[in-house]
Amino acid sequence: MSIAISIPATGAHDVLERIDLETAQPDRGEVLVRNHAGAVNFIDTIIRRGEMPEGMMPALPHVPGVEGAGIVEAVGADVDGLAVGDRVAWIGPIGAGGYGSHSVIGASYVAAIGDEVAFTTAAAMPVNALTAWHMLVNLGRAEAGDSVLIHAAAGGVGTMAVQIAKHLGLEVIASVSTDKVAYAREQGADHVIDYRSEDIVARVAEITGGRGVDITLNPVSGESVKGDLESLAPLGTAVIFGFLAGPPQGSFEEDLARHFQKSIAVRVSDIYTYFGAKPTAFHADLQKVFDLLGEGVLRPTLTVLPLEEAGEAHRRLEAGETVGKLVLSIA
C-alpha cells in the first residue's frame, strides 16, 4: 500500500486529505520510485482551486505533485541505466503523484543523484532548474556577455535562473518585491530592481545605457510583457512562462510592430512541450542540471514541511510568504 495527499474536491488549502491507495507497478520503459520527497508547484494550487484551463483539469480525487526524489523499487522492461536501489529524482506529468509515497515514472524523466544529495534538495530541482536552463539556453540562446532581465527572481525558477545565468557568464538584472531585494543579491544578481517602488523599463534602460537586455524571463505576463518588449535590445528574446497577472496584454499592431526594427522574438515556454516533443534531449538537460547541482553551481533555497502539512505549504505559496522552493518530506 501507498500513502498520499489527495485533492478530493476543489476548494481552499484545507481540502487536502491523506489517503491510502494501492501501489502501482511499472510498465515497459517505466520505473517505480519510492518517494522520500516531493515538491510543491503553483500548478498544484491551480488544480486544487479548479482553475485549470478548459480541458486540462484532472479528474478528482487527484494526487498532485509533478516532481520528486527517492529510491527505485522496481524497473519495467526495456529500461537501461537504472536499477532497483538507485537514488533518483524525477519529473512527471500531471497525475504523477509526487504528494505520495510511490510514483511510476517514464525512465526518460528520471535522473540519478549522488549519495551526497539530500532527497529534499533533489526534489526541488527538476521543474525549476530545467525550466530555467531550457529558457536561457534552448530558447534564449544565451551566450557569455549577454544580459538578462529575470522577473520574480526570488521564486523557485527565478532563483535557478539567476544562478544558471551567472554560470553562463550573463549580466543579471533581477526584478523582485521590496522584501526580497537582499535575497536576489545573495543569489548573484548584478542589479536588483524593486518593482514595487521602481519603474522596471526605466531602470533597465539606466543599467544598460539605453541598449536593453538580450533576454527577458517573465512568469507574470499581463501588462508586463509590453515593458519587456520595450526593454529588449536588438535581436533580443522575451520568454513568457507564466500568467501570474493574467494573459499577456497587447497586440501585434500596437506592440510588436512598434519594435519591428529591433527584430525581437517572443517565445512561450511550457516545459511539458519539451518533455513530450524531445524526451532524449530533455533527459540530457535533466542530467545536466543535476551535474550543476553536484558542482555547487546550483544552490536551491528550500522550505521543507512534512507531507501531512501539504495544505500549509499551499497556503504559504499562495500568500507569497516563501522564497525558493517548497518541498514535502515523505517518511
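The structure this text deals with has already been given above.
Note that the coordinates shown come from a computational prediction; the quantities given were computed from them, not determined experimentally.

Q: Can you lay out the overall build of the chain for me, pointing to particular residues and giving the numbers?
A: Across its full length, the chain carries 11 helices and 15 strands. Taken against the 2.2 N^0.38 rule, which gives 20 Å for 331 residues, the C-alpha radius of gyration of the chain at 20 Å falls within 12% of a compact globule. In the chain, the share of contacts with a sequence separation of at least 24, taken over all contacts with a separation of at least 6, comes to 68%.

Q: Tell me about the environment of Val117, and please be specific about residues and values.
A: Inspection of the secondary structure assignment puts Val117 in the loop between β7 (110-112) and α2 (119-123). For Val117, a relative accessible area of 11% puts it in the buried group. Along the sequence, Val117 and Asn138 sit 21 residues apart, while their C-alpha atoms lie 27 Å from each other. Setting aside residues up to four positions removed in sequence, Val117 forms contacts with Arg87, Ala122 and Leu293.

Q: Can you break down empty space enclosed by the protein residue by residue, with the values?
A: Using the criterion set out here, one finds 1 cavity of 30 Å³ or more in the structure. Here the largest cavity defines a volume of roughly 40 Å³. Forming the walls of the largest cavity are Ala124, Asn128, Gly156, Thr159, Met160, Pro300, Thr301, Gly324 and Lys325. A total of 3 residues in the lining of the largest cavity trace back to one element, the largest contributor, which is helix α4 (residues 156-167). Partitioned by chemical class, the residues of the lining of the largest cavity number 3 nonpolar, 5 polar and 1 charged.

Q: Summarise the side chain of Gln187; cite the residues concerned and give the values.
A: Mapped onto the elements, Gln187 comes out in the loop between α5 (181-186) and β10 (191-194). Judged by relative accessible area, which is 9%, Gln187 ranks as buried. Apart from the residues lying within four places of it in its own chain, the contact partners of Gln187 are Thr159, Val162, Gln163, Arg299 and Thr301.

Rules of the game
Residues numbered from 1 in each chain as written. Predicted model: local features only at pLDDT ≥ 70, side-chain atom pairs only at ≥ 80, totals over all residues. Heavy atoms only, no water. Helix = DSSP H or I, 4+ residues; strand = E, 2+ residues; numbered from the N terminus. Rg over C-alpha atoms; globule rule 2.2 N^0.38 Å. Contact = heavy atoms within 4.5 Å. Buried < 20%, exposed > 50% of the residue type's maximum accessible area, 1.4 Å probe, protein only. 1 Å grid on protein atoms, 1.4 Å probe; cavity = no way out; pocket = protein on both sides within 12 Å on 5 of 7 lines; lining within 4 Å. Points joined across faces, edges and corners; volume = space filled by probe spheres on them. Nonpolar A, V, L, I, M, F, W, Y, C, P; charged D, E, K, R; others polar.

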